[in-house]
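Architecture and fold: a report
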Amino acid sequence: MIMRAMAIGFILWLANAAIFRFAGQYFFLPDVAPPIALAGAVAVLGALITFVVLKIMREAPGDESEAAVSLALPSLMLNALLLHEFGQVFPNLDSALDGVYGALAMLYAAAMVFTGLLMTKLAPRDERV
């Protein structure tokens with residue numbers, strides 16, 4: 001389960017990196033959407049992707065949070081490498097956008113993990129305070 005989720009997370013990260021590498025200049029137009037709208041869209045997208053992937057994977061009750069963390073982990077780790085070499089990896093984007101890209105990537109991964117936590121069905125004995 002964890003390895004399948006990590007593999008899917010890697011594919012999602014690769015698709016995300018390719019989209020921003022070849023069409024990123026269409027996402028960061030200053031007059032199109034305010035940053036708060038873009039942040040909201042990224043959070044909703046991360047939550048929807050996680051919900052759909054976990055339903056397709058048919059995770060056992062109680063394992064949803066582990067799968068969601070495994071799904072988000074490749075994005076968290078590999079986006080750190082992208083940010084280190086942002087100007088070389090994304091020549092189509094202004095180098096000053098590295099912080100914006102990093103913030104959106106973190107929000108995307110956090111939404112994935114949070115969705116997994118919300119979907120987790122705990123056994124009654126696990127719900128102790």
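As a reminder, the structure under discussion sits directly above these lines.
What this report covers is the structure whose coordinates are included nearby. (Residues numbered from 1 in each chain as written. Predicted model: local features only at pLDDT ≥ 70, side-chain atom pairs only at ≥ 80, totals over all residues. Heavy atoms only, no water.)

A packed helix pair is summarised by two numbers, namely the angle formed by the two axes and the spacing between the axes. Interhelical geometry of helix α1 (residues 2–23) versus helix α3 (residues 64–84) gives an angle of 40° and a closest axis separation of 7 Å. Overall, the two elements α1 and α3 adopt an arrangement that is oblique. As α1 packs across α3, the resulting crossing turns out to be right-handed. In this structure, α1 uses Ile 2, Ala 5, Met 6, Ile 8, Gly 9, Phe 10, Leu 12, Trp 13 and Ala 17 to contact α3, whose residues at the interface are Glu 66, Ala 67, Ser 70, Leu 71, Leu 73, Pro 74, Ser 75, Leu 78, Asn 79 and Leu 82. (Axes fitted to C-alpha atoms, helices over the stretch in contact; angles between N-to-C directions. Helix = DSSP H or I, 4+ residues; strand = E, 2+ residues; numbered from the N terminus. Parallel < 35°, antiparallel > 145°, perpendicular 65-115°, else oblique. Left-handed = near helix turned anticlockwise from the far one by under 90°. Contact = heavy atoms within 4.5 Å.)

The tally for this structure, following the rule as stated, stands at one salt bridge. The partner of Glu 59 in a salt bridge is Arg 4, with the nearest N and O atoms 3.7 Å apart. With Glu 59 in the loop between α2 (35–57) and α3 and Arg 4 in helix α1, this residue pair connects regions lying 55 residues apart in the sequence. (Salt bridge = Lys/Arg side-chain N within 4 Å of Asp/Glu carboxyl O.)

A few words now on the packing of aromatic side chains. Throughout the structure, instances matching the rule amount to five aromatic pairs. The interplanar angle of 50° and the centroid separation of 5.8 Å between the aromatic rings of Phe 86 and Tyr 101 together place this pair among those described as tilted. With a gap of 15 residues between them, Phe 86 in helix α4 (residues 86–89) and Tyr 101 in helix α5 (residues 98–119) connect regions that are remote in the sequence. Like Phe 86, the residue Tyr 101 is buried in the burial classification. Clustering of aromatic rings is evident, with ring pairs tying together Phe 20, Phe 86, Phe 90 and Tyr 101. (Phe/Tyr/Trp six-rings, centres within 6.5 Å; stacked < 30°, edge-to-face > 60°. Buried < 20%, exposed > 50% of the residue type's maximum accessible area, 1.4 Å probe, protein only.)

To continue, consider the layout of surface pockets. Over the atoms, a rolled probe matching the size of one water molecule traces out where space is still vacant. Considering only enclosed or pocket space, the largest pocket measures out at about 390 Å³ in volume. Lining the largest pocket are 17 residues, and of these Asn 16, Phe 20, Val 42, Leu 45 and Tyr 108 sit closest to its centre. Those elements that place two or more of their residues in the lining of the largest pocket are α1, α2 and α5. Classifying every residue of the lining of the largest pocket by side-chain character gives 15 nonpolar, two polar and no charged. (1 Å grid on protein atoms, 1.4 Å probe; cavity = no way out; pocket = protein on both sides within 12 Å on 5 of 7 lines; lining within 4 Å. Points joined across faces, edges and corners; volume = space filled by probe spheres on them. Nonpolar A, V, L, I, M, F, W, Y, C, P; charged D, E, K, R; others polar.)

In short, shape yes, function no, at least from these values alone.
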